[in-house]
Amino acid sequence: MTTLILLSLALCLVLPHASLAQQGLGEPWVAQRRLGYRSQCQLERLTALEPTRRVPSEAGFTEYFDQYNEQFQCAGVAAQRRTIQPKGLLLPSFSNAPTLTYIVQGSGITGTVIPGCPETFQSPQQGFEQQLEEEVAGQSQQFRDEHQRIQFFREGDVIALPAGVAHWCYNNGEVPVVTITVSDPSSNANQLDRQHREFLLAGREKRSQEESAETEERFRQHMGKNLLSGFELELLAEALGVDKQVVRRVQSQNDNRGEIVRVERGLQVLQPSRRSTEQEAQEQEREEREQAQESRECPYQSNGLEEAYCTLKNKQNIGNPVRADFYNPRAGRLTTLNSQKLPILRFIQLSAEKGVLRRNAIIAPHWRINAHSVIYALTGSCRMQVVGHRGRTVFDGELRQGQLVVVPQHHVVIKKAQSEQFEWITFNTHENAIANHVVGKTSSLRGLPVEVLMNSYNISREEARRLKFNRGNEMFIFSPRFEREQQSNNVLKTVTEN
Ligand SMILES: *[C@@H]1O[C@H](CO)[C@@H](O)[C@H](O)[C@H]1NC(C)=O
């Protein structure tokens with residue numbers, strides 16, 4: 001009870017002074033998105049959500065969370081989870097919204113096609129392509145391929161994609177690739193409506209048998225047929241400069257493989273070797289630091305589209321423990337990803353945070369001052385409470401692996417790990433989401449004079465000191481140190497009851 005009073009009182013106090021300094025700026029007070037929208041955030045109750053629709057394909061499936069659910073409506077975002085089997089190719093598509101994808105499992109390669117960017121991957125005159133060529137019988141003609149950049153990805157990576165940018169993805173590993181994606185149709189980049197839509201450049205969505213006509217109607221915004229199938233055959237043939245036979249294939253008229261197809265022989269594309277990618281990663285890290293340095297010095301300098309997009313890194317690993325920003329060996333770790341670490345997020349206006357908690361460890365009660373959060377449980381489970389305006393408890397329950405909760409801005413959250421290890425990923429609707437903590441180092445309570453606490457809560461000086469400093473040296477992640485105390489209390493209780 002006291003906690004609740006504490007929380008609701010703390011809601012109206014104190015600036016997040018220290019957090020700002022630590023997490024870096026990037027216009028934390030300015031929300032560039034959804035200013036014109038009146039979103040529906042009169043939420044009485046939050047629930048742990050699971051996907052409501054599953055779309056199967058030949059080599060995998062996509063699971064959609066219901067974007068009409070009021071939690072998603074409030075945050076103005078949509079979410080989906082995708083599974084790509086080994087040798088599965090996710091066909092090229094784009095979306096009307098910027099997206100952030102977290103690689104939950106597996107590894108593979110991905111390519112984006114950004115208008116105006118050069119095809120920097122070019123095959124040499126001889127060699128690799130020639131081998132490929134030899135497999136195509138009877139073709140003696142020399143053929144050279146070139147295409148835009150391809151990147152490796154692996155578990156723990158976050159990949160950012162601007163709206164309208166076509167991309168594809170291939171699983172070249174041994175295990176299924178599993179991804180969770182949050183897209184932001186409320187972004188100014190999207191000028192349609194607030195529905196998340198995907199546009200296929202190839203293939204067509206496979207219908208699942210169990211669906212009724214009603215749900216079909218409700219989910220019509222997802223994909224459907226590929227874009228090119230909407231054009232008249234002859235006109236398209238002329239526009240593409242190929243014969244009608246090919247155009248029929250391009251339109252996927254009789255293709256029933258869905259959006260993820262199996263590549264039997266494995267995908268042969270130009271790609272840097274593994275080893276050089278590792279080296280590249282180190283190099284990129286150095287560049288990244290320099291870039292971040294630069295962006296601190298002159299944050300809004302941009303040299304046009306090419307400078308802005310073509311060379312910008314759009315991927316960063318936050319799964320690796322070495323990259324943790326906050327680490328407490330007895331409690332867990334937090335790794336944040338904002339526009340300072342990955343400048344493309346300035347265009348995307350989303351950021352992410354990966355967290356790991358050990359059993360019974362606690363994430364300090366906090367609220368986001370400038371963003372909604374989408375929390376997705378990766379492994380294990382946690383006890384979670386969310387308190388909104390006027391101290392109303394809007395969520396009190398469990399969040400388990402594979403479930404998702406949307407926490408609206410300014411709602412206060414506490415998470416406590418129930419399993420041996422609880423891991424989650426949070427997507428925030430701001431390039432540099434800032435949390436304001438109730439207690440702990442750099443927290444609201446810490447920022448208040450003892451006298452204010454004494455009078456606010458009608459407590460003694462000593463109690464106020466304890467309130468302020470008991471969690472005083474821990475930051476954001478609290479170890480389960482009150483556990484033993486509680487256990488002995490329980491023992492006492494059972495003894496007296498008996
Ligand atoms: C404040 O605390 C004192 C002593 O603990 C108590 O006697 C008093 O009734 C409290 N006042 C209120 C308004 O709760």
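Here goes a summary of the coordinates provided. Please read these numbers as outputs of a predicted model, since none were measured by experiment.

1. A word on the overall build of the protein
Working step 1: From N to C terminus, the protein includes 13 helices and 27 strands.
Working step 2: Burial statistics for the protein: of 498 residues in total, 50% are counted as buried.
Working step 3: As displayed, the protein has an accessible area near 25200 Å², and 48% of this comes from carbon and sulfur atoms.

2. Points about the nonpolar core
Within soluble globular proteins, side chains that are nonpolar tend to cluster in buried spots.
Working step 1: Of all hydrophobic cores here, the largest spans 28 residues; its most connected members are Phe 65, Phe 72, Leu 100, Tyr 102, Leu 404, Ile 425 and Phe 427.
Working step 2: Mapped onto this core, the elements with two or more residues apiece are α3 (70-75), β5 (99-105), β10 (157-161), β12 (177-183), α10 (345-348), β20 (373-379), β23 (404-407) and β25 (421-428).
Working step 3: In terms of residue count, β20 provides more of this core than any other element does, three residues in total.
Working step 4: When residues of this core are sorted by domain, at least three fall in each of domain 1 (38-124 + 141-275) and domain 2 (319-497).
Working step 5: What Ile 425 contacts, discounting residues up to four positions off in sequence, is Tyr 102, Ile 180, Ile 318, Ala 352, Glu 353, Val 374, Ile 375, Tyr 376 and Leu 378.

3. Quick look at the sheet that holds β25
Working step 1: Read from one edge to the other, the open sheet built from six strands follows the order β16-β17-β18-β25-β20-β23, with strand pairing classed as antiparallel. One side of each edge strand has no neighbouring strand; the edge strands of this open sheet are β16 (326-328) and β23. For this sheet, the mean angle separating the axes of adjacent strands, direction not counted, is 15 degrees.

4. Focus on the sheet that holds β5
Working step 1: Here we have seven strands laid out as an open sheet, ordered β1-β2-β3-β12-β5-β10-β15, and antiparallel in their pairing. Edge strands, defined here as strands with exactly one partner in the open sheet, are β1 (53-57) and β15 (315-317). Direction aside, the axes of adjacent strands within the sheet are offset by 20 degrees on average.
Working step 2: Judged from the four bridges that link them, β5 and β10 form a sheet pairing that is antiparallel. Residue pairing for β10: Leu 100 is matched across the bridge by Ala 160.

5. Examining the state of the cysteines
Formally, a disulfide is one covalent bond, and it connects the sulfur atom of one cysteine to the sulfur atom of another.
Working step 1: Overall, the coordinates contain one disulfide when judged by the stated rule.
Working step 2: There is a disulfide in this structure between Cys 41 and Cys 74, and the S-S distance comes to 1.9 Å. An S-S torsion of about 100 degrees defines the bridge between Cys 41 and Cys 74 as right-handed. Within this pair, whereas Cys 41 is found in the loop between α2 (17-23) and β1, its partner Cys 74 is found in helix α3, the two being separated by 33 residues in sequence.

6. Focus: unusual backbone geometry
Working step 1: With a phi angle near 70 degrees, Lys 87 is a residue other than glycine that sits in the positive phi range.
Working step 2: Here Lys 87 lies in the loop between β3 (78-84) and β4 (88-95).
Working step 3: In this structure, Phe 476 is a non-glycine residue whose phi angle is positive, near 70 degrees.
Working step 4: Considering the arrangement of structural elements, one finds Phe 476 in the loop between α12 (461-469) and β27 (477-478).

Parameters at a glance
- Residues numbered from 1 in each chain as written.
- Predicted model: local features only at pLDDT ≥ 70, side-chain atom pairs only at ≥ 80, totals over all residues.
- Heavy atoms only, no water.
- Helix = DSSP H or I, 4+ residues; strand = E, 2+ residues; numbered from the N terminus.
- Buried < 20%, exposed > 50% of the residue type's maximum accessible area, 1.4 Å probe, protein only.
- Areas by Shrake-Rupley, 256 points an atom, 1.4 Å probe, with all protein chains shown as cover.
- Core = buried A, V, L, I, M, F, W, Y, C linked by side-chain atoms within 4.5 Å.
- Domains from an automatic or database assignment.
- Contact = heavy atoms within 4.5 Å.
- Pairing = 2+ DSSP bridges.
- Axes fitted to C-alpha atoms, helices over the stretch in contact; angles between N-to-C directions.
- Disulfide = S-S within 2.5 Å.

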